[in-house]
Amino acid sequence: MMLEVNIDRIMNNIETICEFNATPGQGYTRFSYSKEDMQAREFLINECQEFGLKVTTDGVGNIRAKLEGLDPQAPSVMSGSHIDTVYHGGKYDGLVGAIGALEAIRTIIENGIKTLNSLEFVVFSEEEGSNFGSTLAGSKAMVGYYGVDDLKKLKNPLGISMYDMAKRAGYDPDKVTHQVLKHGEVKAMLELHIEQSIVLESKNIPIGIVEAIAGMQAFEIVLKGVANHAGATPMSLRNDPMATAAKIMAHIEDLAKITPSGSTVATVGRIFCEPNISNVIPENVLFTLDARDVDNRILNQFVSDVRQKLIDESALHGVSSNMHFLGSSDAIILDKLTVELLENEAKARNIPFMRMNSGAVHDSSILSAVTKAGMIFIPSVNGRSHVPEEDSRYEDIELGCNMLLGSLLKLAM
Ligand code: HGY
Ligand code: MN
Ligand code: MN
Ligand code: MN
C-alpha cells in the first residue's frame, strides 16, 4: 500500500496562504519581505513547529525546517519551493511545491515512519525577482552565488536593496556568508512545480519529469535621446529613444525565432518612458530583456547579438544607451539518477508521465550546484501562468504530491 498525502489539507493550506495577497480579486501578489509574505511565513513556520520540525531562517529569510533522521550525520533530503509571486500572479506557482513538500513530511510523521536521512522542508526567498529584477536571489544566497555585496547591489525601483529589505524584515543578511550550503550537506533536493506551459495539458499527461532547466539572462536597456516637440521636429532632426527601442525590440523577437536551438525565448516585459506625453518626443526610455535557452552557448550568442544591435541603432539614432545586467542563471541538466528515481516512482504508481525541459527557471537549478536536484511538473490548465488565470486541477496536485512523497521516502530511507 503506497503512502498518500492528505490533499484536502494541502488545498486548505494553499487557500490559507492565498489569503495573504496584496491584490485580492486581481490575481495574487505576495512579494518577498512584504506584509503578505511575512504572514505566509508565519503560518508555515507555525505549521512546521506544530509537527516538531526544527526551523531556521537564514540572512535573507530562506526557511529550512528539519525532521531529524535516524542518522543525524547523514546528508539530509530537501524539498520545497517558493511562496513569493509576480505582480497579479497565479495561485499555484511555487505554492504547490512548498505545500507539497510540507505535506510529504507531515504524512511521514503521522505514519510514524523514521527515515535514515533527515528531511528538510525549504522555502526560498525572492524566487520571482519581483522586487529586484533578479530571479532565484534567495537560493543564490543560500549556495553562495550572492554575498553581502551582491545583496546590497540588488535594488528595487525605489532604490531599496535586498540587503536593506531583508534587514527590515528582521533577518540578518550579514550572516549569509557563514550560512552557505556546502556540497555533501544535502543528498538531494526535489521540487514539485506547475509546468507553466501547455505541453502536459495538450498531451493529457499528469506528470512531467524535468531533464533540463533553461538558463536565463535579464537586463535593463536604458536609452537617452533629446526630448522635443512631436509636431515641429522634422524626422531628420530627431534623437528619438523610443524609435530606437522599437527597432531593438523588433530585432529581439525576430532573432529569438531563428536561433539554431529553436528553444530561445526573449521577452520585453517592462517599459518606462519619460516624459511619457503623447506630443513630446521622449528623452528617456527603459525596457527589460528576459532571454532564455536550454543551451547556454546559444543564449550567450543571442545576448551579444542584441548588444551589438543596441550599439548600431543607438549610433544611427544619435542616442546614448546602456545594457544593465540584472541577473542570470545557467541552463542546467538535472541529475540522471534522480530523473530515473522519479520515473520509477511514476511507474510504481501507474501514473502516466513524460520527460521534458523547463522554460521557467527554478531554485532547483541553483541548488544543483551543491546537490542532486530533481523536478516534478503537473499540468497548467490552458498552459497559462504568471497570470490570475493560472490554474491546476485538484487531482493533478494530488498526484504530484504523492509522487513527491514517494520519491522523498525512496531517497531518505
Ligand atoms: O521567471 C521564472 O521562470 C520563474 O517563475 N521565476
Ligand atoms: Mn515558480
Ligand atoms: Mn514564477
Ligand atoms: Mn521555481
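Computed from a predicted model, the values in this text were never measured in an experiment. (Residues numbered from 1 in each chain as written. Chains lettered and ligands numbered in written order. Predicted model: local features only at pLDDT ≥ 70, side-chain atom pairs only at ≥ 80, totals over all residues. Heavy atoms only, no water.)

**Q** Any details on the packing of aromatic side chains? Residues and values, ideally.
**A** On inspection of all chains with the given rule, the structure shows 3 aromatic pairs. Aromatic side chains F31 and Y87 sit 6.3 Å apart centroid to centroid with 65° between the ring planes, which places their arrangement in the edge-to-face category. With F31 in the loop between α1 (7-19) and α2 (35-50) and Y87 in the loop between β3 (76-82) and α3 (95-110), this residue pair connects regions lying 56 residues apart in the sequence. A residue is classified by how much of its surface remains accessible, and F31, at 22% relative accessible area, is partly exposed. For K152, the ring lying beneath its charged end belongs to Y163, and the centroid distance is 4.7 Å. (Phe/Tyr/Trp six-rings, centres within 6.5 Å; stacked < 30°, edge-to-face > 60°. Helix = DSSP H or I, 4+ residues; strand = E, 2+ residues; numbered from the N terminus. Buried < 20%, exposed > 50% of the residue type's maximum accessible area, 1.4 Å probe, protein only. Lys NZ or Arg CZ within 6 Å of the ring centre and 35° of its normal.)

**Q** How would you summarise the coordination of the manganese ion (ligand 2) if you had to cite specific residues and measurements?
**A** Donor atoms from the polypeptide that coordinate the manganese ion (ligand 2) comprise H82 (NE2), D93 (OD) and H193 (NE2), at 2.0 to 2.2 Å from the metal. For the manganese ion (ligand 2), all donor residues lie on one chain, and their spacing in sequence is H-x10-D-x99-H. Separating the manganese ion (ligand 2) from the manganese ion (ligand 3) is a gap of 3.4 Å, bridged by D93, which donates to each. Of this pair, D93 sits in the loop between β3 and α3 while H193 sits in strand β5 (residues 186-194), placing them 100 residues apart in sequence. Classification of D93 as buried rests on a relative accessible area of 6%. (Donors = N, O, S within 2.8 Å, 3.2 Å for Na, K, Ca; no water.)

**Q** Any details on unusual backbone geometry? Residues and values, ideally.
**A** Each neighbour pair has its own omega, and for E274 with P275 the value is 10°, a cis peptide bond. Assignment of secondary structure puts P275 in the loop between β10 (271-274) and β11 (280-281). Positive phi, close to 70°, is recorded for Q196, a residue that is not glycine. Residue position: Q196 is located in the loop between β5 and α7 (199-203). Given the relative accessible area of 14%, Q196 is considered buried. We note that N382 has phi near 60°; this positive angle belongs to a residue other than glycine. Mapped onto the elements of the fold, N382 is located in the loop between β16 (372-378) and α12 (394-412).

**Q** Would you mind going over the coordination of the manganese ion (ligand 3) in detail, with residue names and values included?
**A** Around the manganese ion (ligand 3), the protein contributes the donor atoms D93 (OD), E128 (OE), E128 (OE) and H386 (NE2), which lie 2.0 to 2.7 Å from the metal centre. One chain supplies every donor to the manganese ion (ligand 3), and in sequence these donors are spaced D-x34-E-x257-H.

**Q** So what's going on with the nonpolar core? Residues and values would help.
**A** The nonpolar side chains of a soluble globular protein tend to be buried with one another. I10, I14, L44, V96, L119, F121 and I397 are the most contacted members of the largest nonpolar core, which totals 56 residues. What L44 contacts, discounting residues up to four positions off in sequence, is I17, I83, I99, L102, F121 and V123. Ranked by size, the runner-up nonpolar core spans 19 residues in total, among them F219, L223, A245 and M323. (Core = buried A, V, L, I, M, F, W, Y, C linked by side-chain atoms within 4.5 Å. Contact = heavy atoms within 4.5 Å.)

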